[in-house]
Amino acid sequence: MQWKSQLHNLKAYQPGKTMEDVKEQFNLEKVVKLASNENPFGCSSNVQSFISSEALSHAIYPDGYAKQLRMKVAGQLAVEPQQLIFGNGSDEVIQMISRALLDRTKSTVMAAPTFPQYKHNAIVEGAEVREIPLDGKGRHQLSEMLDSIDETTAVVWLCSPNNPTGEYIRKDELLHFLDDVPSHVLVVLDEAYYEYVTAEDYYDSIELLKTYPQLVVTRTFSKAYGLAGFRVGYGVGSIDVISKLEPIREPFNNNSLGQGAASAAIDDQAFIDECREQNRKGLQQFYEFCESSGLKYMKSQANFILIDFGISGDEVFQYLMSKGYIVRSGQALGYPESVRITVGSPEQNEELISLMKEFLALPKQF
Ligand SMILES: *Cc1c(COP(=O)(O)O)cnc(C)c1O
């Protein structure tokens, strides 16, 4: 068969161990997963009411235009409904953008380490990937990214707060970048963790869309909204840009339950405010642990923290897993001596911190 040559070295997404696997392997009664930046508090109770009240006719296709959800999000962001494109997760929005703009003749620019799906999709399309290292603080180097743009560059990916560092792009740097980026480039600003941001100098990306028509912002219901299982994300941009992307979208890419759950969740902003506050406190617990244990870490605007243990992240990961806490080793994330931990409930954070202290107190094996 005549597979695209760029597929030869491409690996399928490797799902982590399930909680069931870990329970069985280590003979544990309780397993906590703080590995995928899901919301430890679940989702708004509105969603439960929606699910139980819904007498859905499952034989009927979903609304391909996601009208109810579209109207809600448009209202929330104060944008036109035609400025939105919904995806089966923002993962799908990333895929649609890649399909629409990238091919063998194109290049695309992104930070490294960052969210892996930008690169993955670019490779599938055969585009040249230009990765610009984050600086030592885990931040995008926007002027270097700008320098790597040429006439072949079709898309630049910005991730703020960035996964896996939690750092965010500063407003003045973003504005300089957007002022200088050539007009043939689409700039994607992935704000999957937007709802968690507490930094006072964080920019209003939706406001920026008015000035910069080549900008697309992506957001998701998977993280703070606690609806990862429903797969709903979206992009917001100028009507021109979105209307170019829409033909790429599968007609019924968002299922009925996902649309309804997201619509119900958006009405409960008190839940989001509470989660943001809980998350801020949770990050504080981890910062204090790192300070008192002399570990390097990055200040995070997201619901996870990257902690540098100065030894193989896999080792820390294995130890914590054997005790029932699944986190992400930094090995596959570009920070081999770190682990990335999703902020949990206060009790989960506490328990995980004691386990990490226990790990640090173990006699070192050389
Ligand atoms: C989790 C995540 C996404 C994808 O989320 P979906 O569940 O596909 O909406 C996108 N970008 C970043 C940076 C993420 O961390």
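Residues numbered from 1 in each chain as written. Predicted model: local features only at pLDDT ≥ 70, side-chain atom pairs only at ≥ 80, totals over all residues. Heavy atoms only, no water.

**Digging into the pattern of salt bridges**
1) Next: Tallying each qualifying case throughout the model produces 19 salt bridges.
2) Next: A salt bridge links Asp150 to Arg130, with the nearest nitrogen and oxygen atoms 3.0 Å apart. Linking Asp150 in the loop between α6 (142-147) and β5 (153-159) with Arg130 in strand β4 (residues 128-133), this pair joins segments that are 20 residues apart in sequence.
3) Next: With a relative accessible area of 24%, Asp150 lands in the partly exposed category.
4) Next: For the salt bridge of Glu191 with Arg219, the shortest nitrogen-to-oxygen distance reads 2.9 Å. Of this pair, Glu191 sits in the loop between β6 (186-190) and α8 (205-211) while Arg219 is found in strand β7 (residues 215-220), placing the two residues 28 residues apart along the sequence. In this pair, the class of Glu191 matches that of Arg219, namely buried. (Salt bridge = Lys/Arg side-chain N within 4 Å of Asp/Glu carboxyl O. Helix = DSSP H or I, 4+ residues; strand = E, 2+ residues; numbered from the N terminus. Buried < 20%, exposed > 50% of the residue type's maximum accessible area, 1.4 Å probe, protein only.)

**Considering the environment of Ser205**
1) Next: Locating Ser205 in the fold gives a position in helix α8.
2) Next: Under the relative-accessibility criterion, Ser205 is labelled buried at 0%.
3) Next: Residues Ser205 and Phe359, spaced 154 residues apart in sequence, show a C-alpha to C-alpha distance of 41 Å.

**Brief notes about unusual backbone geometry**
The general pattern is negative phi for most residues beyond glycine and trans for most peptide bonds.
1) Next: In this chain, Ala112 is followed by Pro113 through a cis amide linkage whose omega measures -5°.
2) Next: Relative to the helices and strands, Pro113 resides in the loop between β3 (107-112) and α5 (117-124).
3) Next: For the bond from Ser160 to Pro161, the omega torsion is -5°, close enough to zero to count as cis.
4) Next: Topologically, Pro161 is positioned in the loop between β5 and α7 (171-180).

**Some points on the site of the ligand**
1) Next: Taken together, 13 residues lie near the ligand, and Ser90, Tyr193, Thr220, Ser222 and Lys223 sit nearest.
2) Next: In the environment of the ligand, an oxygen atom lies 2.9 Å from a nitrogen or oxygen atom belonging to the backbone of Asp91.
3) Next: Within the side chain of Arg231, a nitrogen or oxygen atom sits 2.7 Å from an oxygen atom of the ligand.
4) Next: Considering only residue class, the shell around the ligand consists of four nonpolar, five polar and four charged. (Near = heavy atom within 4 Å. Polar contact = N/O pair within 3.5 Å; in protein donor to acceptor, adjacent residues only side chain to side chain. Nonpolar A, V, L, I, M, F, W, Y, C, P; charged D, E, K, R; others polar.)

**A few points about the packing of aromatic side chains**
1) Next: In this structure the tally under the stated criterion is 13 aromatic pairs.
2) Next: Between Tyr118 and Trp157 the ring centres are 4.9 Å apart and the planes differ by 10°, which places this aromatic pair in the stacked class. With Tyr118 in helix α5 and Trp157 in strand β5, this pair connects stretches of sequence that are 39 residues apart. Across the pair, Trp157 and Tyr118 agree in class, each one buried.
3) Next: Seen in terms of ring centroids, Tyr194 and Tyr202 are 6.4 Å apart; in terms of plane orientation they differ by 50°. Their pairing is tilted.
4) Next: For Tyr194, a relative accessible area of 31% corresponds to the partly exposed category. (Phe/Tyr/Trp six-rings, centres within 6.5 Å; stacked < 30°, edge-to-face > 60°.)

**What to know about the UniProt feature "modified residue: N6-(pyridoxal phosphate)lysine" (unreviewed entry) in the protein**
1) Next: UniProt's feature table lists "modified residue: N6-(pyridoxal phosphate)lysine" (unreviewed entry) at Lys223, given in the numbering used throughout.
2) Next: Mapped onto the fold, Lys223 is located in the loop between β7 and β8 (233-236).
3) Next: Residue classification places Lys223 among the buried residues on the basis of a relative accessible area of 14%.
4) Next: Within the structure, Lys223 has its side chain in polar contact with the side chain of Tyr193 (distance 3.2 Å). (UniProt positions renumbered as here; feature names shortened; annotations may be inferred.)

**So, the domain arrangement of the protein**
1) Next: The domain boundaries assigned to the protein delineate domain 1 (5-43 + 270-361) and domain 2 (45-268).
2) Next: With 30 residues of domain 1 at the contact, the number on the domain 2 side is 34 residues.
3) Next: Between domain 1 and domain 2 lies a buried interface of about 2600 Å² when both sides are counted; carbon and sulfur atoms form 59% of it.
4) Next: Our count for the domain 1 to domain 2 interface comes out at zero salt bridges.
5) Next: At the boundary of domain 1 with domain 2, the tally comes to twelve residue pairs in polar contact (both at pLDDT 80 or more).
6) Next: Of all the secondary-structure elements, those providing two or more residues to the side of domain 1 that touches domain 2 are α11 (269-293) and β10 (304-308).
7) Next: Ranked by residues supplied to the side of domain 1 that touches domain 2, first place goes to α11 with seven residues.
8) Next: The residue inventory of the side of domain 1 that touches domain 2, partitioned by class, reads 13 nonpolar, eleven polar and six charged. (Domains from an automatic or database assignment. Contact = heavy atoms within 4.5 Å. Buried area = accessible area lost by both parts, 1.4 Å probe.)

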